[in-house]
Amino acid sequence: MTFKFRHLLLLPLACLALASPREYTADKPEDEVQTASEAEDGNRFAQDIMLQALGLIGVTYRWGGNTPESGLDCSGFIKYVFQQAMNIALPHNAFAISRLGNDVEKEELKPGDLVFFNTLGRKFSHVGIYLGDDRFIHSPSSGSKVQVVRLTDAYWAKRYNGARRVTQESVAERTPQLQKLMSEGREVTPSKKKSKKPVKKAKKKSSKKKRR
């Protein structure tokens, strides 16, 4: 119930961040109407992500955590938000998440985009969700809670690695590649086992001849 009440309180903030006047589409070319429709879908998805993320403000950081009740680490926070808001199953690992979606230039950031940082001496070791106006929400580190900070803060500006825009389509594009790698892995294992069996039989036959 607590999270639901938070969502209701934070709804005006998310709406203001994404608000834009609806364009009149009558008598416009079909491709322009389609583009406007896609933009509206993008805004709706971004609003869902923001509401879900903002509703988790105050949740305690916990390494390996993936639910609000148990606590959330940085990638667990992202995974939970995208699963609840968009039904997208992301990896529980910041670097793995950075391999999904499409690159976004800093000047082109939109609410709902993922922003990455080097906080452990390696790239893409931390991730948060961009909210607009140079702000992002994340689960920082042990002893802290989910909070909103600014990209322009000296600490985060120095460690910024880039951003990705994750959609259902962009995640789906990776699925065939992953399935191919998995199937190839299954094929290699049995072939090695088959090659060993004839060798063992040949050794047994040769030992019998020597005894005779």
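Before reading on, note that the structure itself is shown above.
Residues numbered from 1 in each chain as written. Predicted model: local features only at pLDDT ≥ 70, side-chain atom pairs only at ≥ 80, totals over all residues. Heavy atoms only, no water.

Enquirer: Tell me about the pattern of salt bridges, and please be specific about residues and values.
Expert: For the coordinates displayed, the defined rule picks out three salt bridges. Its salt-bridge partner being arginine 164, residue aspartate 103 comes within 2.5 Å of it at the nearest N-O pair. In this pair, aspartate 103 is assigned in strand E3 (residues 102–104) and arginine 164 in strand E8 (residues 160–165), connecting sequence segments 61 residues apart. Looking at arginine 164, the relative accessible area reads 11%, which means it is buried. With a closest N to O distance of 2.8 Å, aspartate 113 and arginine 165 form a salt bridge. Linking aspartate 113 in the loop between E3 and strand E4 (114–117) with arginine 165 in strand E8, this pair joins segments that are 52 residues apart in sequence. (Salt bridge = Lys/Arg side-chain N within 4 Å of Asp/Glu carboxyl O. Helix = DSSP H or I, 4+ residues; strand = E, 2+ residues; numbered from the N terminus. Buried < 20%, exposed > 50% of the residue type's maximum accessible area, 1.4 Å probe, protein only.)

Enquirer: Just give me the short version of the packing of aromatic side chains, but keep the residues and values in it.
Expert: Considering all chains together, one arrives at seven aromatic pairs under this definition. With 5.8 Å between their ring centres and 75° between their planes, phenylalanine 116 and phenylalanine 124 make a pair best called edge-to-face. Judged by its relative accessible area of 0%, phenylalanine 116 is buried. Taking the centre distance of 5.8 Å and the plane angle of 70° together, the rings of phenylalanine 117 and tyrosine 160 count as edge-to-face. Separated by 43 residues along the polypeptide, phenylalanine 117 in strand E4 and tyrosine 160 in strand E8 bring together distant segments of the chain. Directly above the aromatic system of phenylalanine 95 lies the positively charged group of arginine 99, at a separation of 4.8 Å from the ring centroid. When the ring centre of tyrosine 160 is taken as origin, the NZ or CZ atom of lysine 106, which lies over that ring, is 4.6 Å away. (Phe/Tyr/Trp six-rings, centres within 6.5 Å; stacked < 30°, edge-to-face > 60°. Lys NZ or Arg CZ within 6 Å of the ring centre and 35° of its normal.)

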